[in-house]
Amino acid sequence: MDALWCVVPAAGRGVRAGGDRPKQYQSLAGRPLLDHTLERLAAHPRIAGLVVVIAADDPHFSAVESIGGKPLIATIGGGERSDSVLAGVLALPAAVAPDHFVLVHDAARPCVRADDITRLIDLAGVGEGGLLGAPLRDTLKRADADCHSTATEPREGRWRAFTPQMFRRGALARALALAAADGIVVSDEAMAMERTGVMPLLVEGSEDNIKVTTPADFALAEFLLGRTR
Ligand SMILES: Nc1ccn([C@@H]2O[C@H](COP(=O)(O)OP(=O)(O)OP(=O)(O)O)[C@@H](O)[C@H]2O)c(=O)n1
Ligand SMILES: C[C@](O)(CO)[C@H](O)COP(=O)(O)O
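It should be emphasised that the depicted structure is a prediction, and the values quoted were computed from it without experimental measurement.

1. Some remarks on the site of ligand 1
If you check the shell around ligand 1, you find 19 residues, and the closest are G14, V15, R16, K23 and S84. One nitrogen or oxygen atom from the main chain of P9 is found 2.9 Å from an oxygen atom belonging to ligand 1. Between ligand 1 and R13 there is a distance of 3.2 Å, counted from an oxygen atom to a backbone nitrogen or oxygen. Look at ligand 1: alone it shows 560 Å² of surface, and the protein chains cover 87% of it. If you map ligand 1 onto the pockets, it falls in the largest pocket. Of the residues contributing to the shell around ligand 1, the split by class is six nonpolar, six polar and seven charged.

Take a look at the structure:
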């Protein structure tokens, strides 16, 4: 399989992270979180190029034509992550044919391991795509509005979804557009594909592929940056 392009949704507001700027531009080990993620993706030998999706009013993004020797295209996202991902898929170069696989990886996940990306490409690339994730290992509780546990949910067969997620360009664009037309906000690409009858392959990845979401996640991500590659 040829090297794949990767769409990087980076148009979020980072509300849960707080701070004076969206989390993807906050400092992680002395540099913007987004730079770590883009450089890690660009360093992967099976990634051909990156489409980074930014907010229309983003004053922080530094436009460059390449990173780590790989082409970098910037495009404008939308109100929901799924809108941004669709915009990124549509902004891929024309040379990325509809049946070519593409990756989608959150800007907010800077600690993704290269070996996990390789395994996803190798395992999910023989079917209709898939995603990195990990089986739930803790007991799962259902909470009421007052944070009291009302039930224990079965965890058998339950996974946490990570990114990258990997699907064929045309099928992904159609699935995302269909969800939007149906008024459904999908929380990941796999959900959009599942709605079309695809059963994405779950590929177990490292639990340190954290999504930086709250202020506390920055310290953990800094710790993990030095221990993952
Ligand atoms: N309209 C949006 C919303 C999110 N994202 C991106 O999707 C990734 C995962 O989303 P999340 O962690 O929820 O980021 P935010 O939406 O920024 O966080 P919050 O919900 O706390 O505002 C992030 O890299 C974020 O920049 C995006 O490109 N476009
Ligand atoms: C796509 C994702 O990273 C899978 O776990 C996650 O859904 C994105 O975070 P969000 O807060 O749902 O946008």
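2. Topic: the site of ligand 2
What surrounds ligand 2 is the set R16, R81, D106, R109, A161, T163, S187, D188 and K211. Taking A161, its main chain carries an N or O atom lying 2.6 Å from an oxygen atom of ligand 2. Here K211 contributes a side-chain N or O atom positioned 3.5 Å from an oxygen atom of ligand 2. Out of a free accessible area of 350 Å², ligand 2 has 73% covered by protein chains. Counting atoms within 2 Å of the grid points, the majority share of ligand 2 lands in the largest pocket. Residues belonging to the shell around ligand 2 are distributed by class as follows: one nonpolar, two polar and six charged.

3. Looking at helix α3 (residues 114–124)
Those residues of α3 not exposed but buried are D116, I117, L120, I121 and A124. The arc enclosing the buried residues of α3, seen along the axis, measures out at 135°, which places them on a common side. If you follow the buried residues of α3, they end up packed against β1 (4–9), α1 (33–42), β7 (101–104), β8 (130–135), β11 (159–168) and β12 (201–204).

4. What about the side chain of E189?
For E189, the position within the fold is in helix α5 (residues 189–194). At 2.5 Å, the side chain of E189 and the side chain of R81 are in polar contact. Setting aside residues up to four positions removed in sequence, E189 forms contacts with R81, V85, V104, Q165, F167 and L172.

5. Some thoughts on the nonpolar core
If you look at the biggest cluster of nonpolar residues, it comprises 29 residues, and the most contacted ones within it are L34, L50, V52, L103 and M166. When residues of this core are traced back to their parent elements, those giving at least two are β1, α1, β4 (47–54), β7, α3, β8 and β11. Sequence-distant contacts of L34, defined by excluding residues within four places in its chain, comprise A10, Q24, Y25, V52, F61 and A107. Formed by 23 residues, the second largest nonpolar core is a distinct cluster that contains L86, L131, F167 and A192.

6. Examining the UniProt feature "site: Positions MEP for the nucleophilic attack" (unreviewed entry) in the protein chain
In the numbering adopted here, UniProt assigns the feature "site: Positions MEP for the nucleophilic attack" (unreviewed entry) to R155 and K211. Taken from the residues named earlier, the lining of the largest pocket is made up of K211. Position of R155 relative to the elements: it lies in the loop between β10 (149–153) and β11. For R155, a relative accessible area of 33% translates into the label partly exposed. Every residue in contact with R155, bar those within four places of it in the chain, is listed here: L136, R137, D138 and T139. Since its relative accessible area comes to 28%, K211 is described here as partly exposed. The contact partners of K211, leaving out residues within four places of it in the chain, are R16, D106, A108, R109 and D217. Side-chain polar atoms of K211 contact the side chain of T213, separated by 2.9 Å.

7. Here's the deal with the layout of surface pockets
Counted as a void, the largest pocket has a volume near 760 Å³. The wall of the largest pocket is formed by 33 residues, among which G12, R13, R16, K23 and R81 lie closest to the centre. At the level of secondary structure, the elements contributing two or more residues to the lining of the largest pocket comprise α2 (81–90) and β11. With four residues, the single largest contributor to the lining of the largest pocket is β11.

8. A short note on unusual backbone geometry
Each neighbour pair has its own omega, and for T163 with P164 the value is 10°, a cis peptide bond. With respect to the helices and strands, P164 occurs in strand β11. Despite not being glycine, A29 shows a phi value in the positive range, around 50°. The backbone of C147 shows a phi angle near 60°, a positive value even though the residue is not glycine. Looking at the secondary structure, you find C147 in the loop between β9 (140–143) and β10. For C147, a relative accessible area of 68% translates into the label exposed.

Thresholds applied
- Residues numbered from 1 in each chain as written.
- Chains lettered and ligands numbered in written order.
- Predicted model: local features only at pLDDT ≥ 70, side-chain atom pairs only at ≥ 80, totals over all residues.
- Heavy atoms only, no water.
- Near = heavy atom within 4 Å.
- Polar contact = N/O pair within 3.5 Å; in protein donor to acceptor, adjacent residues only side chain to side chain.
- Areas by Shrake-Rupley, 256 points an atom, 1.4 Å probe, with all protein chains shown as cover.
- 1 Å grid on protein atoms, 1.4 Å probe; cavity = no way out; pocket = protein on both sides within 12 Å on 5 of 7 lines; lining within 4 Å.
- Sits in = over half its atoms within 2 Å of the grid points.
- Nonpolar A, V, L, I, M, F, W, Y, C, P; charged D, E, K, R; others polar.
- Buried < 20%, exposed > 50% of the residue type's maximum accessible area, 1.4 Å probe, protein only.
- Helix = DSSP H or I, 4+ residues; strand = E, 2+ residues; numbered from the N terminus.
- Arc of directions from axis to C-beta.
- Contact = heavy atoms within 4.5 Å.
- Core = buried A, V, L, I, M, F, W, Y, C linked by side-chain atoms within 4.5 Å.
- UniProt positions renumbered as here; feature names shortened; annotations may be inferred.
- Points joined across faces, edges and corners; volume = space filled by probe spheres on them.

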